[in-house]
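Here is how the chains run, residue by residue.
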Amino acid sequence: MSAALPLTLTGDTAAHAYDSVARISNEVAGRLAARLASETQGEVLFSAPDRGRYATDASIYQVTPVGVFVPRSAPDVKTALDICRDMGVPMVPRGAGTSQCGQTVGTGLVVDYAKHLRNIIDVDAVERTAEVEPGIVLDHLNAALKKHGLWYPVDVSTSAQATLGGMAGNNSCGSRSIAYGNMVHNVLGAQAWTSASQLLQLGSYATSSGKARELGNYVRSLAEELHPAIKQMWPKVMRRVGGYNLDIFDPQSERPYTSDGSVNLAHLLIGSEGTLALTKSLTLRLSELPRAKVLGVVNFPTFYRAMDAAQHIVKIGDGTLTAVELVDRTMIDLSLQNPAFAPTIRSALIDQPAAILLVEFSGASKAELLPKLKRLGELMGDLLLPNSVVEMTDDAPQKNLWEVRKAGLNIMMSLKGDGKPVSFIEDCAVPLEHLAEYTDALTEVFRKYGSKGTWYAHASVGTLHVRPILDMRREGAPKMRAIAEEASELVRKFKGAYSGEHGDGLCRGEWIEWQFGPKINEAFAKIKQVMDPINLLSPGRMVNPPKMDDTRLMRFAPGYKVIPIQTALDWRVWDVQNDPVTEQTSAPGSGGDPAQGFAKAVEMCNNNGHCRKFDAGTMCPSYRVTRDEKHLTRGRANTLRLALSGQLSGLDAADALASEEVKDALDLCVGCKGCKRDCPTGVDMAKMKVEFLHHYKARHGYTLRDKLVARLPDYAHWASRLAPFLNLRDKIPGLAALSEKLTGFSARRTLPQWKTQTFFNTAPRGATRAEVLAASKPVVLFVDTFNGTFESHNATSALKVLQAAGYTVHVATKTIADGKHLCCGRTYLASGMVEEAKAKAREVVDALLPFAEKGISIVGLEPSCLLTLRDEMLVMGLGEDAHTISQHALLLEEFLAREAVAGKLEELKGKLQAVDQPILLHGHCHQKAFGAVSPIMEVLKLIPGAKPALIESSCCGMAGSFGYESSHYEVSMQMAELSLLPAVRQQPDAIVVADGTSCRHQIRDGAQREAVHVAVLLAQQLRA
């Protein structure tokens, strides 16, 4: 096996770069890597896994690049351009890698702007302009602009990850384009290098000079010559992003590119997809941030009526209408199946609509907007749909519903099985008066080819996203071609645009000539020739593109196969096939996956990049620290997919799964399960890491640290007897350093302190099994290793609180006493010891099943342990018994919140004393993943005077044993410093609540503050 390259080749390693890269790739790649390493400050990534991770974007395509370059500065981009020109190596610029049509993949050098080139160069609040580097993310820009009362209004659904450079290259549009226009309407200027390294200053044509003026004159002459063809062939809809913007000199759009009719040469680059120049900076037109918004959700009994109504809705509002967005029944159903979205989507529904339209009005105040909602209701009455509007005037419900709508593209991709909604005609744009007829006809086309489409998006401008379900492993490509041919005829019939939002790329490049005709297509080639005569920049796009159905360019190319493996966990729920019309899936295990469902679970990642977000939520903490693609959920999923399909160094799947390449990618995965909740397609990387560790450790063996962590539940009972001796590690100088050498636990980190007296070795003060089974208010307390051994006061407090609330409490024990306590198996899973974890889980099932069968709640304290009963324990082959227990397993706060709603906590509430200190809550990652943070807030509010505030944080950085390990200490602390520790330090007088053992430890080490379990706070507030 070839040795993996270092993460970054630098000047120090440049001397060896040629040999290393040439050995695993070729001579050109070796020379290119060596020059980049020696002549730039950027990161040079040429290993097989790195190239594989950048071979895909959010499209169906996969093209492996020669290498990847991550520039640290704009001069690095210029130097890389010079090097590539000297060597004749193409360049492919890339932002977030979320393109739908394959714009950001290619055989040349992929240049990743997103990691470092993300600065705001200047903001002029008076003139409402901003100059930015191309790698900045839209949401990050808008967060910085908020203090000025401004925003950049091209509000794309991927705003949490989309970069401005990528948006410019794509001419992105967004949900509110009816009010603000597309990217091209909101760019004032650009600095960009041609392939000859000429830095063009592109802006107003009237004031341009030099090379920019020459370019403008040339394009103007082409436009004048082609005026008849432009008039005849150019789509007149605003949503036209195909081809180059030759019409800047002969405007055809229903919305002019400039407000005064002038020509801006920067608009030549907008929508050019990196084929004309490499962007250095963009100057943007900003808009005033709306002070108020209201939302009317119109429920329709049929899809057709929703489409027909759009043309009437856009005529109301008197300039305040900012969006009309569609969500169809399929997406409604998928949203209802997602625990993160279900409550929000339910709030928008009246009965069971076939479709809903989100109609937004924006203005100076809600008072002036409320009549608009009334007018919307009146309009629907006129259209014979009275009482069909759900009015949302509060900001929070509106924001939540927009988040569901934004996730629509990815929600659609959550369908299990090989058939997936495929993007290739999804953003055709037609005039609104033809929208209903067009969607009706296209639905018939899908039916003709044995498929169906899920519709959503921009009803306001006639651009409805639709993806027919196709199996791209088998006969998807020819069906895609046939559907595209018929869809194009409909677009022509209704005088629309074939490419209305997501660009051309590998998917729609060949349709440019179909749309514009041979003369205009030839003019596009001439523009490319003038700006990039050596065809260096993203070749094979826009000009001389490939066929859209060339399967050699696809992720599931001819010969793609999954190599058989024997899995440790049960992945059969993913091993299914689906019916493209009904979307019903076959029985688990019937999908034909040689990897027993593991490969299909990995392949659920469609590269949408949702894991790149930095806003509220958990996913993905290691990426937030490193900003490296390989430490992203998407990067890890791609690495696993490459391994399982034999695309990593030619290894078979078993060897690849146990390889250092995969280990390197999964090393910083903290098992937070943020992806389990936040990933729209359901990628659970924490569970996938358990599967990987099983294979890797079986091949390479377990370290002492692995054994100490995994077997903690087995030796804790006798180790507690040696507490004074074991605790010397953190008291005697030098012992921590020695311990680090022996065990790998960081000397800079204190370890949990052992106690001689624990919850487990004192007589339980709860009820017997018989007593709890006969009680009127029964509950079972499941005490984990950590709270029972190291922080016994948490378990004691929980018992006290439950008893104070009038419950008969039984402390769960093994059915056969052996001096040890029950264990969920979590520590074993963390080290890849799946068989040992299964044995522990079986003991839990045997002990708890009688209570679960009686409907008695099983309450736990440690989120990662208790929630294992609702997650991993279900994939250990324990059958229906495990599922029965999972249905009754609750965290303490979940149980108390539920009981409070049922009116069963009046006794407890009467015993709680008031608190006058602020309360800060940090949610454990698994609590967030399972929607168990809100119950903590509800329980804390039971305390008189309590006003808890939630710390908006990602993972604390400890993640079980992760933060204790010397190899991960720095990353652990960086995670904590992102938001958690600063928030704790800002309120020194606050009570800090954190239910996770490792979370409390991180807060103690990092902020020198004692955080408490919610059980402890409740117990402290009980009247004596």
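Check the entry above for the structure.
Read on for an overview of the structure. Predicted, not measured: the structure shown is a model, and the values here were computed from it.

## Comments concerning unusual backbone geometry
Positive phi is not limited to glycine here, since Ser538 has a value of about 40°. Positionally, Ser538 belongs in the loop between α19 (511-531) and α20 (598-602). For Ser538, a relative accessible area of 1% translates into the label buried. Even without being glycine, Asn544 reaches a positive phi, approximately 55°. Mapped onto the elements, Asn544 comes out in the loop between α19 and α20. On the basis of relative accessible area, Asn544 is assigned to the exposed category, the value being 69%.

## Looking at helix α42 (residues 969-978)
Every buried residue of α42 is accounted for by Tyr969, Val971, Ser972, Met973, Met975 and Ala976. Where α42 is buried, its residues meet α21 (621-626), α43 (980-986) and α44 (997-1007).

## Quick notes on the sheet that holds strand β10 (residues 278-285)
Read from one edge to the other, the open sheet built from five strands follows the order β5-β6-β10-β8-β9, with strand pairing classed as antiparallel. Two strands bound the open sheet, and with one partner strand each, they are β5 (120-124) and β9 (199-202). The mean inter-strand angle of the sheet, taken between neighbouring strand axes irrespective of direction, is 10°. Across four bridges, the pairing between strand β6 (residues 129-132) and β10 is antiparallel. If you follow Ala130 over to β10, its bridge partner there is Leu284. Contacts between helix α4 (residues 74-87) and the sheet are confined to β8 (187-193) and β10, with β8 contributing the most and set at about 50° to the helix.

## Side note on the packing of aromatic side chains
Considering all chains together, one arrives at 21 aromatic pairs under this definition. For the pair Tyr244 and Phe524, a centre-to-centre distance of 5.6 Å together with 75° between the ring planes defines the contact as edge-to-face. Separated by 280 residues along the polypeptide, Tyr244 in the loop between α9 (227-233) and β10 and Phe524 in helix α19 bring together distant segments of the chain. Classification of Phe524 as buried rests on a relative accessible area of 1%. Of the aromatic side chains, those joined through ring pairs into one cluster are Trp234, Tyr244, Phe516 and Phe524. One Lys or Arg, Lys416, reaches over the ring of Trp574 and ends 4.4 Å from the middle of that ring.

## Some points on the packing of helix α35 (residues 834-853) against helix α37 (residues 879-886)
At a closest axis distance of 9 Å, the pairing of α35 and α37 adopts a crossing angle of 60°. Taken together, the axes of α35 and α37 lie oblique to each other. Regarding α35 and α37, the two cross each other, and that crossing is left-handed. Contacts from Arg842, Val844, Val845, Leu848, Leu849, Ala852 and Glu853 in α35 reach Asp881, Ala882, Thr884 and Ile885 in α37. Class assignment for the residues of the contact of α35 with α37 results in seven nonpolar, one polar and three charged.

## Brief notes about the side chain of Asp247
Looking at the secondary structure, you find Asp247 in the loop between α9 and β10. Within polar-contact distance, the side chain of Asp247 engages the side chain of Trp234 at 3.2 Å. In this structure Asp247 touches Trp234, Arg240, Gln252, Ser253 and Tyr257, once residues within four positions along its chain are discounted.

## Re the side chain of Arg826
Of note, Arg826 is situated in helix α34 (residues 826-830). With relative accessibility at 15%, the residue Arg826 sits in the buried group. A distance of 3.0 Å separates the side chain of Arg826 from the side chain of Thr868, its partner in a polar contact.

## A word on the pairing of β8
Burial runs high along β8: six of the seven residues are buried. With six bridges joining them, β8 and β10 adopt antiparallel strand pairing. Residue pairing across strands places Val187 opposite Leu284, the latter belonging to β10. As paired elements, β8 and β9 share four bridges and run antiparallel to each other. Bridge pairing in β9 links Trp193 to Leu199. Here β8 hands over to β9 after five residues, with Ser197 in that stretch at a positive phi of 70°.

Calculation notes
- Residues numbered from 1 in each chain as written.
- Predicted model: local features only at pLDDT ≥ 70, side-chain atom pairs only at ≥ 80, totals over all residues.
- Heavy atoms only, no water.
- Helix = DSSP H or I, 4+ residues; strand = E, 2+ residues; numbered from the N terminus.
- Buried < 20%, exposed > 50% of the residue type's maximum accessible area, 1.4 Å probe, protein only.
- Contact = heavy atoms within 4.5 Å.
- Pairing = 2+ DSSP bridges.
- Axes fitted to C-alpha atoms, helices over the stretch in contact; angles between N-to-C directions.
- Phe/Tyr/Trp six-rings, centres within 6.5 Å; stacked < 30°, edge-to-face > 60°.
- Lys NZ or Arg CZ within 6 Å of the ring centre and 35° of its normal.
- Parallel < 35°, antiparallel > 145°, perpendicular 65-115°, else oblique.
- Left-handed = near helix turned anticlockwise from the far one by under 90°.
- Nonpolar A, V, L, I, M, F, W, Y, C, P; charged D, E, K, R; others polar.
- Polar contact = N/O pair within 3.5 Å; in protein donor to acceptor, adjacent residues only side chain to side chain.

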